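# Close look at the chain arrangement
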Amino acid sequence: MRELFEANLGEAVVLSFLRLSGQWPAQRSIEDVIAIGQGVRDIGRVSGSRVAHALLAELPKVLERGATTDELTAVFDALEQLADDGPESIALVVSRLEQLLLYATAEEFSVWVSGGLRAAGGNAARRRAFFGLDDALSTRLLYGGSASGDDFTCLEKRLGATMLALWNKKPRLRKLAAAAMPAVPRRASLAGGMLGLPATYPGFAGERAEDIYLAASAHAGAHLAHSSVRFPVGRLKPLQIALTSLMEDARVEALALRDMPGLRRLWLPFHTAAPSPQATAAGLMVRLARALIDPDYADPDAWIGKGCTLFEAAADRWGDPAISREIGGLLGNDLGQMRLQFNAKSYVVEPAYRDDNLALWDFGEQPDGQVEEIEHPVDSVRIERRHDAGGDRSDETAPPEESLRARASAIAMLDGLPVATYPEWDYVARIERPDWTTILEADAAISSMTDELQFDEDATRRVTTVTRDASIGRQQRYKGQRDGDTLDIDAAIALMTERRAGRVIEPRIYLRDAPGPRDLAILLLLDLSQSTADHDSFGRTVLDVERKAAAIITTAVEAADDAIAVHGFNSDGRERVRYLRIKSFEEKMDAIVRSRLAGLKSSHSTRLGAALRHAGSYLSQQRAFRKVLLVLTDGEPSDVDVPEAQYLAEDARRAMHQLRRHGVDIFGFGVGHGPFVQLDRIFGERRVLRVARIDVLPRRVVQLYAELKK
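Being a predicted model, the structure only gives us computed values, none of them experimental. (Residues numbered from 1 in each chain as written. Predicted model: local features only at pLDDT ≥ 70, side-chain atom pairs only at ≥ 80, totals over all residues. Heavy atoms only, no water.)

Broken down by element type, the protein chain carries 25 helices and 18 strands. Scored against the burial criterion, the 710 residues of the protein chain give a buried share of 52%. For the protein chain, the proportion of contacts with a sequence separation of at least 24, taken over those separated by at least 6, is 73%. As displayed, the protein chain offers around 34100 Å² of accessible surface, 51% of which is attributable to carbon and sulfur atoms. (Helix = DSSP H or I, 4+ residues; strand = E, 2+ residues; numbered from the N terminus. Buried < 20%, exposed > 50% of the residue type's maximum accessible area, 1.4 Å probe, protein only. Contact = heavy atoms within 4.5 Å. Areas by Shrake-Rupley, 256 points an atom, 1.4 Å probe, with all protein chains shown as cover.)

Spatial ordering of the open sheet is given by E8-E9-E15-E14-E13-E16-E17-E18, a layout of 8 strands whose pairing is mixed. The strands lining the two open edges of the sheet, one partner per strand, are strand E8 (417-426) and strand E18 (688-691). Pairwise comparison of adjacent strand axes, ignoring direction, gives a mean angle of 30° for this sheet. Two strands pair when backbone bridges link them, and strand E16 (residues 626-633) and strand E17 (residues 664-671) are joined in this way by 7 bridges, in the parallel orientation. (Pairing = 2+ DSSP bridges. Axes fitted to C-alpha atoms, helices over the stretch in contact; angles between N-to-C directions.)

The next subject is the nonpolar core. If you look at the biggest cluster of nonpolar residues, it comprises 49 residues, and the most contacted ones within it are Ile36, Val40, Leu55, Leu79, Phe109 and Trp112. Excluding residues that lie within four positions of it along the chain, Leu55 makes contacts with Val40, Ile43, Phe76, Leu79, Val94 and Leu97. Leu520, Ile522, Phe667 and Leu697 belong to the second-largest nonpolar core, a separate cluster that totals 37 residues. (Core = buried A, V, L, I, M, F, W, Y, C linked by side-chain atoms within 4.5 Å.)

Moving on, we come to the pattern of salt bridges. If you walk through the whole model with that rule in mind, you get 35 salt bridges. Of the charged contacts, one joins Arg508 and Glu506 as a salt bridge, the two residues approaching to 3.4 Å between their closest N and O atoms. The class for Glu506 is partly exposed, based on a relative accessible area of 42%. With its nearest N and O atoms 3.1 Å apart, the salt bridge here joins Glu587 to Arg596. Exposure remark for Arg596: the relative accessible area of 12% places this residue in the buried category. Look at the salt bridges and you will find they share partners, linking Arg118, Asp426, Arg433 and Glu644 into a network. (Salt bridge = Lys/Arg side-chain N within 4 Å of Asp/Glu carboxyl O.)

Between helix H3 (residues 30-47) and helix H5 (residues 69-85), the least distance of the axes is 9 Å, while the angle of their chain directions is 10°. Taken together, the axes of H3 and H5 are roughly parallel relative to one another. Of H5, the residues touching H3 (which contributes Asp32, Ile36, Gly39, Val40, Asp42, Ile43, Val46 and Ser47) are Thr69, Leu72, Phe76, Leu79, Glu80, Ala83 and Asp84. Split by residue class, the contact of H3 with H5 holds 8 nonpolar, 3 polar and 4 charged. (Parallel < 35°, antiparallel > 145°, perpendicular 65-115°, else oblique. Nonpolar A, V, L, I, M, F, W, Y, C, P; charged D, E, K, R; others polar.)

Applying the stated rule across the entire model yields 10 aromatic pairs. Plain terms: the ring middles of Phe130 and Phe131 are 5.0 Å apart, the flat faces sit at 75° to each other, and that makes the pair edge-to-face. Residue class for Phe131 comes out buried when judged on its relative accessible area of 0%. Ring geometry for Phe231 and Trp361: centres 5.4 Å apart, planes at 50°, overall tilted. Of this pair, Phe231 sits in strand E4 (residues 231-232) while Trp361 sits in strand E5 (residues 361-362); the two residues are 130 residues apart in sequence, bridging distant segments of the chain. (Phe/Tyr/Trp six-rings, centres within 6.5 Å; stacked < 30°, edge-to-face > 60°.)

All right, on to H3 then. One full turn of an α-helix is made of 3.6 residues, so residues set three or four places apart face in the same direction. Here H3 spans 26 Å end to end across 18 residues, near enough to the 26 Å set by a 1.5 Å rise per residue. Among the residues making up H3, those that are buried are Asp32, Val33, Ile36, Gly37, Gly39, Val40, Arg41, Ile43 and Gly44. Of the surrounding elements, those touching the buried residues of H3 are helix H1 (2-6), helix H2 (11-22), helix H4 (49-63), H5 and helix H6 (90-94). Capping the start of H3 is the job of one residue whose side-chain oxygen sits 3.0 Å from the backbone nitrogen of Glu31: Ser29. (Expected span 1.5 Å × (residues − 1). Polar contact = N/O pair within 3.5 Å; in protein donor to acceptor, adjacent residues only side chain to side chain.)

Turning to the sheet that holds strand E3 (residues 194-198), a few remarks are in order. Pairing in this open sheet of 3 strands is mixed, and the strands run E1-E3-E2 from one edge to the other. This sheet does not close on itself; its edge strands, each paired only once, are strand E1 (172-176) and strand E2 (189-191). Neighbour-to-neighbour, the strand axes of this sheet turn through a mean angle of 25°, independent of strand direction. Helix-sheet contacts for helix H12 (residues 207-226) involve E2 and E3, and the interaxial angle to E3 is about 155°.

Below, the discussion takes up the environment of Leu360. In this fold, Leu360 is placed in the loop between helix H17 (322-337) and E5. Along the chain, Leu360 and Ser228 lie 132 residues apart, while their C-alpha atoms are 9.0 Å from each other. Those residues in contact with Leu360 that lie beyond four places of it in its chain are His223, Ser227, Val229, Arg230, Phe231, Ser245 and Glu248.

Right, let's get into the pairing of E17. Of all 8 residues making up E17, 8 are buried, and the element is well covered by its neighbours. Side chains Val664, Ile666, Gly668 and Gly670 of E17 all project onto a buried face; the interleaved residues Asp665, Phe667, Phe669 and Val671 project onto the opposite face, where all are buried too. Read as a crossover between parallel neighbours, the route from E16 over helix H23 (residues 645-661) to E17 is right-handed. Across 4 bridges, the pairing between E17 and E18 is parallel. Within E18, the residue paired with Phe669 across the bridge is Leu689. In this region the chain leaves E17, passes through helix H24 (residues 677-683) and returns to the parallel neighbour E18; the handedness of that crossover is right-handed. (Right-handed = clockwise from strand over helix to strand, strands pointing away.)

The next point concerns unusual backbone geometry. In this model, Glu350 is joined to Pro351 through a cis peptide bond whose omega is -5°. Inspection of the secondary structure puts Pro351 in the loop between H17 and E5. One non-glycine residue, Asn8, lies in positive phi territory at about 60°. For Asn168, which is not a glycine, the phi torsion comes out positive at approximately 55°. Turning to its location among the elements, Asn168 is positioned in the loop between helix H11 (151-167) and E1.

The next thing to look at is the pairing of strand E9 (residues 431-443). In summary, the side chains of a regular strand alternate between the two faces of the sheet. Of the pairings in the sheet, the one linking E8 to E9 comprises 8 bridges and is antiparallel in character. Bridge pairing in E9 places Tyr422 opposite Thr437. Counted along the chain from E8 to the antiparallel partner E9, the turn is 4 residues long, and its residue Arg430 has a positive phi close to 60°. The pairing of E9 with strand E15 (residues 577-583) spans 5 bridges and is parallel. Looking at the pairing, Glu441 lines up with Tyr579 of E15.

There is a patch of nonpolar side chains on the surface, built from Met1, Phe5, Leu15 and Leu18 and spanning about 390 Å² of accessible area. In this fold, Leu18 is placed in helix H2. Overall, the relative accessible area of 45% leaves Leu18 in the partly exposed class. (Patch = residues over 30% accessible without salt bridge, like charges linked within 9 Å, V, L, I, M, F, W, Y side chains within 5 Å.)

This next bit is on H5. Its 17 residues give H5 an end-to-end C-alpha distance of 24 Å, which sits within 8% of 24 Å, the value for a rise of 1.5 Å per residue. Turning to H5, its buried residues number three or more, namely Leu72, Val75, Phe76, Ala78, Leu79, Leu82 and Ala83. The buried side chains of H5 occupy one side of the element, clustering within an arc of 160° when seen end-on. Relative to its buried face, H5 has exposed residues pointing more than 90 degrees away, namely Asp70 and Asp84. (Arc of directions from axis to C-beta.)

Spelled out as structure tokens, the structure:
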């Protein structure tokens, strides 16, 4: 009580605390009351008496739910962190504390607070949107830790195996994000060879959740196998598009059932529509969907009967996608004459396991305009064509995030297009935040100033000699050798048998291991952050050293007949991790690649973990015995939305370990004269090679090849 008086928080706060302690249950420790008083005091000193009073008003509701001492401590620690780092948002959280703790445990609440502060990146407007639950990312982080869990993540490996087993296809699976209260339920989505699936299907839990994911993946596989063309939208009305899509769903499922009749047991339980006297366009369509797959379903409606008749009559043409367009058009005309309303904005594909059918349609060229809407596997992304005046962006006026995942809104076209999202490791909360970073990928620009890329011929020759002499690839075992390190038991027995029989043969009884054909894929990843523009004592920039090193290493590796690609990266927050393709594995080190190297510029920051994960995805596609990722960087990971340097270093370290578990060797080349403390932490001291000058490069490449030969 004395401490609350000394904090000068006002009479109302003191009386509220006195009332709370007077009503304190006898079975609970008095230490909890003291902890509450101290927490209210600390928060009130930063945020004022109103917040302290509101907190005391909410606490009795929380205590009724039996919050333990540890839970109270976790909640107050999170609130104190928010009061310190986001004082304008603390009142928003305190006023709905009971509601928040209904959906999250104390630990999840703490993670939500720390995640919101990180996501806002020092932007007060974004903090207000996040903690006011006006940001869809906030609701996902808050409710994502609830009992429903993340069904997609749990089932992802099994779904990939199912697609491969059923269809001999292995599309890349992606988790689709959805707002807490979307306008329509989210459905699976096929685009660009990727299958996007919702994190959860609302209303489906336990075994039902597993069943609907399997049904959705099987249905998507049927489209991949049998939907061979895209229908032009042309002048079709939304109702005709929806009906054509429905018929295409039925067609691909019918073809799939011809080969695998057991799929009916997977799909049929989700067709639950029944006849109804109240006819609506959407209701008739879901009943038609059931009638087309369920031979035991009978519907009295004449329109549904006509749809089934037309579909069965075209059975010998089910292999032709054109029948979906024909039947859909006829049924659409009939439904239009029935004057039944159809709301395209609220329409959702049913049953729930079917995808949104966007991949079936060719929308043609989009008209030129100021803003272009692109439906992308990452999410719906708005790409604005705009001229950047170069002025500073104000944190206070910046709009809050509007996307559930790391959306790249208002992206300049030069930044590239969003191609993937990746998780990021929060070492404080010890969780991996899904879909936290967005990769914007583009080809590096070609420069006419290739004369600037003059590299040391002597260094190139020495590095080339090293790579040619170091045979890196599979080890092959040769039997029946005159000498070697290991005895060939079979050959020794055969020799003794021949000698006992009185025959004299040459004693070839050893095994020898020798390097086999080269089988190496290297991806050289260049740090293009602003710090690489710094000059050394000789007036050279770090980027100059990186470019020359890349040219020398690439030339040497190609001379050794190994595959090498060169990419670069920088970042401007988690939503804009720029990834440049400079040289692909298929390209040669020619004038075009040299011009791309010469045109590289230094800008922005270094979000290394996201770049490592994306580079790893390229290496995973290479058929090679040994896959190596070389990172040329001048220093420590950093970014504009992360004030703590260790956060990104720990994320990069986790990304490195994940890639190594998948068979990728990773080495860091520290370019320049920096201490590279974080690089030692990320890659390990034995896997960091320092390149202060180009003339040091041959020695470092020798070290690298020696390490690879182990």
